[in-house]
Amino acid sequence: MPTALITGASSGIGDEFARQLAARGHSLVLVARREDRLNELANALPTTTHVVGCDLASDAPDLFGRVEALGVEVDLLVNNAGFGLRGRFADLPVERQAEIVRVNCEAVVTLTGAFLPGMLERRSGGIITVASTAGMQPLPYEAVYGASKAFALNFTEALHAEVKGNGVRVLAVNPGPVPTEWQQVAGYDTAGGEMMPGAIEAGQVVREALASYDKGSRSMVPGRFFRNFMRVNAVTPKSVKLAVSERMYRPKR
Ligand SMILES: NC(=O)c1ccc[n+]([C@@H]2O[C@H](COP(=O)([O-])OP(=O)(O)OC[C@H]3O[C@@H](n4cnc5c(N)ncnc54)[C@H](OP(=O)(O)O)[C@@H]3O)[C@@H](O)[C@H]2O)c1
C-alpha cells in the first residue's frame, strides 16, 4: 500500500488530500502543528494513518528522521502547508512575514530534498506542491505570500523538468480562492463576504489535482473560471496587472 505524507493536513485543502488519498488506498502521514485535529482526522479515515505534530517554520529538518523512525517509506509527498498575510508590507510584522517564507518556501525545499532522492532511487513516487495563482504575478498587499508562491511554483516546475523520465512525478497545484481557514489566518474579513468570484471548494481542488498528477502534468489551475482567467492574465502586461490588483486588493480600512 503506497504511503502519502501530507503537510498542513489539519485543515482545508490538506484535510481533503488526506480524505481523497485514503479513499484511493494510500496509507498516510499527517503533519501540522494542531495534533488534536490530525488525530481526529486519522480516527475518521479507513486507512493506516500516522500523526506527526511539527511546526514547519522551525522543525522541518527533523521531519524526515521522525518519519523514518515510524518505519514508513513515503511514496507521495504533498507540500501543502502554507499561509499568507494580507496588508501593506510596511504595516505587517516582519517576523511573521519571514515565517511565510520559512513555511511556504524553506520547508518545501527541505522536505523535497529529504524525500526526493529515495523516490529517484526507487524510480517511483512523486511530489505535489500546492502553490497558488497568487504566485503567477506580483501581488500588492499580499506581497510576501505572492512571492513565496512564485518560488514554490517555479521550484516545482523546474524539478518536474529535472526528474522527467526517471519514474517520479512532480506537480504544482495553483488554486485560486478556496474557502478554508486560509482567509481568516491571512486577515480577510470573511464574515463580511470578502470572497472573490470563481472560488471553488477544497474537494474540487484535490480531485482535479490528483487527476493531473495521474496524467503526469507539470502544473495545473483547478476550476474552469480561474484556469481561463489565468490564461488571459498570462498575456496581460505586468503594469496593467499590478495596477488592477493594487486596486482590487487595497485594504478597505
Ligand atoms: N485557500 C485558498 O484560497 C488558497 C488558494 C491558493 C493556494 N492555497 C494554498 O493551499 C495550501 C493549503 O491552504 P488552505 O487553504 O487549506 O488553508 P488552511 O485551511 O489555513 O490550512 C493551512 C494548513 O497549513 C498548516 N500550517 C500552517 N502553518 C504551519 C506551520 N508553521 N507548521 C505546520 N503546518 C502549518 C495548518 O496547520 P496548523 O495550523 O495545524 O499547523 C493547516 O493545516 C496553502 O499552501 C495555501 O497557501 C490556498
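Procedures and definitions
Residues numbered from 1 in each chain as written. Predicted model: local features only at pLDDT ≥ 70, side-chain atom pairs only at ≥ 80, totals over all residues. Heavy atoms only, no water. Near = heavy atom within 4 Å. Polar contact = N/O pair within 3.5 Å; in protein donor to acceptor, adjacent residues only side chain to side chain. Areas by Shrake-Rupley, 256 points an atom, 1.4 Å probe, with all protein chains shown as cover. Helix = DSSP H or I, 4+ residues; strand = E, 2+ residues; numbered from the N terminus. Nonpolar A, V, L, I, M, F, W, Y, C, P; charged D, E, K, R; others polar. Disulfide = S-S within 2.5 Å. Buried < 20%, exposed > 50% of the residue type's maximum accessible area, 1.4 Å probe, protein only. Expected span 1.5 Å × (residues − 1). Contact = heavy atoms within 4.5 Å. Pairing = 2+ DSSP bridges. Right-handed = clockwise from strand over helix to strand, strands pointing away.

Novice: Tell me what's going on with the site of the ligand, and back it up with residues and numbers.
Specialist: Contacts to the ligand come from 30 residues, most closely from Ser11, Arg33, Asn80, Tyr145 and Thr180. The separation between an oxygen atom of the ligand and a polar main-chain atom of valine 178 is 2.8 Å. Here an oxygen atom of the ligand sits 3.3 Å away from a polar atom, N or O, in the main chain of tryptophan 182. Alone, the ligand offers 880 Å² of accessible surface; in the complex the protein occludes 96% of this. The set of elements that each furnish at least two residues to the shell around the ligand consists of α1 (12-23), α5 (143-163) and α6 (182-186). A class-by-class count of the residues in the shell around the ligand yields 15 nonpolar, 10 polar and 5 charged.

Novice: Could you give an account of unusual backbone geometry, with specific residues and numbers?
Specialist: Positive phi values are uncommon outside glycine, yet arginine 123 reaches one of about 55°. Structurally, arginine 123 can be placed in the loop between α4 (94-122) and β5 (126-130).

Novice: Tell me about the state of the cysteines, residues and numbers included.
Specialist: Overall, the coordinates contain 0 disulfides when judged by the stated rule. Cysteine 105 carries a free sulfur, and the closest cysteine sulfur to it, the one in cysteine 54, is 17 Å from it. Using a relative accessible area of 8% as the deciding quantity, one classes cysteine 105 as buried.

Novice: So what's going on with helix α7 (residues 202-215)? Residues and values would help.
Specialist: For α7, with 14 residues, the first-to-last C-alpha span of 20 Å sits near the 20 Å given by 1.5 Å per residue. If you check which residues of α7 are buried, you get Ala202, Gly203, Val205, Val206, Ala209, Leu210, Ser212 and Tyr213. Its buried side turned inward, α7 meets α1, β4 (76-79), β5, β6 (169-173) and β7 (219-220). Phi for glycine 216, located one or two positions after α7, is positive at around 80°.

Novice: Lay out the pairing of strand β2 (residues 27-32) in plain terms, naming residues and giving numbers.
Specialist: Counted residue by residue, β2 has 6 buried out of 6 residues, so it is predominantly covered. Residues Ser27, Val29 and Val31 of β2 are buried on one face, and the alternating residues Leu28, Leu30 and Ala32, pointing to the opposite face, are buried as well. By the bridge criterion, 5 bridges tie strand β1 (residues 3-7) to β2 in an arrangement that is parallel. Across the sheet, the residue bridging to alanine 4 is leucine 28, located in β2. Of the crossover connections in this fold, the one passing from β1 over α1 to the parallel β2 is right-handed. In the sheet, β2 pairs with strand β3 (residues 49-53) via 5 bridges, with the strands oriented parallel. The partner of valine 29 across the bridge, within β3, is histidine 50. Since β2 and β3 lie parallel, the crossover through helix α2 (residues 35-44) that links them has a hand, and here it is right-handed.

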